[in-house]
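# Survey of secondary and tertiary structure
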Amino acid sequence: EPSAEERRFAEIIEADSRIEPRDWMPEAYRKTLIRQISQHAHSEIIGMQPESNWITRAPSLKRKAILIAKVQDEAGHGLYLYSAAQTLGIGREEMNEQLLAGKARYSSIFNYHTPSWADMGAIGWLVDGAAICNQVPLCRASYGPYGRAMVRICKEESFHQRQGFEILLELMQGTPAQREMAQDSVNRWYWPSLMMFGPPDDESPNSAQSMAWKIKRFSNDELRQRFVGMLVPQAEALGVTLPDPELKWNEEKQAYDMSEIDWTEFQEVLAGRGPANAERMRRRREAHEDGAWVREAAAAYARTQAERKAV
Ligand code: FAQ
C-alpha cells in the first residue's frame, strides 16, 4: 500500500506537473537527478576547455568576441545547473570534489582535441546541435528547477549552434584549403557527437526509470535518430559530407539507416582513456587551485559584511 506521499508524487508525475524542491520525492529519484544534473554541470565546465584553446588565436576580433561570449555562456550554464542540483540537497563543494577526484562523469565529447579553427565551427554545429536535441525535451523534465534551467540554457545553445554553422559556412565558401579544414573537422566530430546521446537503448541502464519519472522524455537512440535527421539537410546546405557511407534514408522505417557506432571508442573515453581526458582533468585541477584566492577573498568579504551587520 503506497503512502500518502508516494501517491501524491505519483499523481504529480502522472499529471505531467512538476516536482519542486520542498515536495516529497523518492530517494532514488533524488539520486538520479543529482547524478544527471551534476554530470551535466561538469560537462559545461569541462566543455569550456576545448574552445578556450582558440580564444587567443581566433582569426578576427569579431570571432574572438563571439568565442569569449560563448565560453562565458558555458560557465553560466554550469552555474545554473549546479544551483539546480543544490536544491536537491547536495553541496557545490561535494560535487566539485567528486569531479576533481575523477568520481563524477562529464560528457565524453569534451575529451577530444581541437587542432584547427574549423573545430570551433564543428563544435557549435555538431556538439551544440546534439546538446539542443537532447536538452529541448529536458525543458519538460518533471523536476522544476532542472526544467527551468534548461529553458534558459537551450535559448543560448541555439545561438551557439548557429554561430558554429556560420563558421563552417564561411570556411566552405573560402579557399580549397579552408574547405578541406572544415570537412576534416566534421569528419572528426561527427561520430563523437552521435555518442553524446549515450549508449544504445538496450545498453542504457538508466533510461527506463528516468523515462517513467519523466526526467527523460525520449530514449537515447530516438534522440540520436532525430539529430541525424536534422543534420542531413544542414550538411547539404553547408556542402560538407557526413562521414558515414551507410547513411541513407529508409522509406519504410521513415528514418535514416546508418553504420554501427564504434562503442569501444565510447567505452574507452568513459573509462578515462580518450585523447584528452588526462589533460582536461589536469587543467580543471589547476584552475581550481588557481582560483583558491578568489574563494578565500569572497569568504573574507562575507565575514566582514556579517560582522558589520552585527555591530
Ligand atoms: N558521456 O543509462 P544511460 C553540453 C553514461 S552538452 C559520458 O543511458 P542516462 C553543452 C551515463 O552517465 C553535454 N557518460 O544514462 C556544451 C551512465 O553512467 P552512470 C552534457 C555518458 O543518464 C556544448 C552510463 O553512461 N549534456 O555540455 C554519456 O540515462 C559545447 C549509462 O548511460 C548532458 O549531460 C556520454 N556521452 O543518459 C557545452 C545532458 N552517455 O551515470 C560546452 C543531460 C551516457 O550511471 C561546449 N544528460 N553516459 O555512471 C542526459 O540527457 C543523460 O544523462 C544522457 C545519458 C543522455 C547523457
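Here, the structure is the one placed above.
All of the points below concern the structure found in this document. If you're wondering where the values come from, they're calculated on a predicted model, not measured in any experiment.

## Topic: the overall build of the protein chain
Looking only at helices and strands, one finds 13 helices and two strands in the protein chain. Its C-alpha atoms put the protein chain at 70 × 55 × 30 Å along the principal axes. In the protein chain, which comprises 311 residues, the share counted as buried stands at 48%. Contacts in the protein chain between residues far apart in sequence, at least 24 positions, make up 76% of those at least 6 positions apart. Of the accessible surface of the protein chain, which amounts to about 16,100 Å², a share of 54% is contributed by carbon and sulfur atoms. The positive charge centre, built from 39 side chains, and the negative charge centre, built from 45, are 6 Å apart in the protein chain.

## So, the site of the ligand
The ligand sits among 35 residues. The nearest are Q39, S108, S204, K216 and N220. M196 places a polar main-chain atom, nitrogen or oxygen, 3.3 Å from a nitrogen atom of the ligand. Backbone polar atom of P205 to an oxygen atom of the ligand: 3.3 Å apart, as the coordinates give it. Relative to its unbound accessible surface of 1,100 Å², the ligand loses 91% to contact with the protein.

## A closer look at the side chain of Q161
Position of Q161 relative to the elements: it lies in helix α7 (residues 144–172). In this structure, Q161 is in contact with G124, W125, D128, G129, I132 and Q234, ignoring residues within four places of it in sequence.

## What to know about the side chain of K70
Mapping K70 onto the fold places it in helix α4 (residues 61–86). Of the polar contacts made by the side chain of K70, one reaches the side chain of E74; its length is 2.7 Å. Excluding residues within four positions of it along the chain, K70 makes contact with E51, I123, D128, H160 and Q163.

## Quick word on the packing of α4 against α7
Relative to each other, α4 and α7 sit at 160°, their axes nearing to 10 Å. In this view, α4 runs roughly antiparallel relative to α7, as classed from their interaxial angle. Handedness of the crossing formed by α4 with α7: left-handed. Split into classes, the residues belonging to the contact of α4 with α7 amount to 11 nonpolar, three polar and eight charged.

The rules behind these values
- Residues numbered from 1 in each chain as written.
- Predicted model: local features only at pLDDT ≥ 70, side-chain atom pairs only at ≥ 80, totals over all residues.
- Heavy atoms only, no water.
- Helix = DSSP H or I, 4+ residues; strand = E, 2+ residues; numbered from the N terminus.
- Buried < 20%, exposed > 50% of the residue type's maximum accessible area, 1.4 Å probe, protein only.
- Contact = heavy atoms within 4.5 Å.
- Areas by Shrake-Rupley, 256 points an atom, 1.4 Å probe, with all protein chains shown as cover.
- Lys, Arg positive; Asp, Glu negative; His and termini not counted.
- Charge placed at Lys NZ, Arg CZ, Asp CG, Glu CD.
- Near = heavy atom within 4 Å.
- Polar contact = N/O pair within 3.5 Å; in protein donor to acceptor, adjacent residues only side chain to side chain.
- Axes fitted to C-alpha atoms, helices over the stretch in contact; angles between N-to-C directions.
- Parallel < 35°, antiparallel > 145°, perpendicular 65-115°, else oblique.
- Left-handed = near helix turned anticlockwise from the far one by under 90°.
- Nonpolar A, V, L, I, M, F, W, Y, C, P; charged D, E, K, R; others polar.

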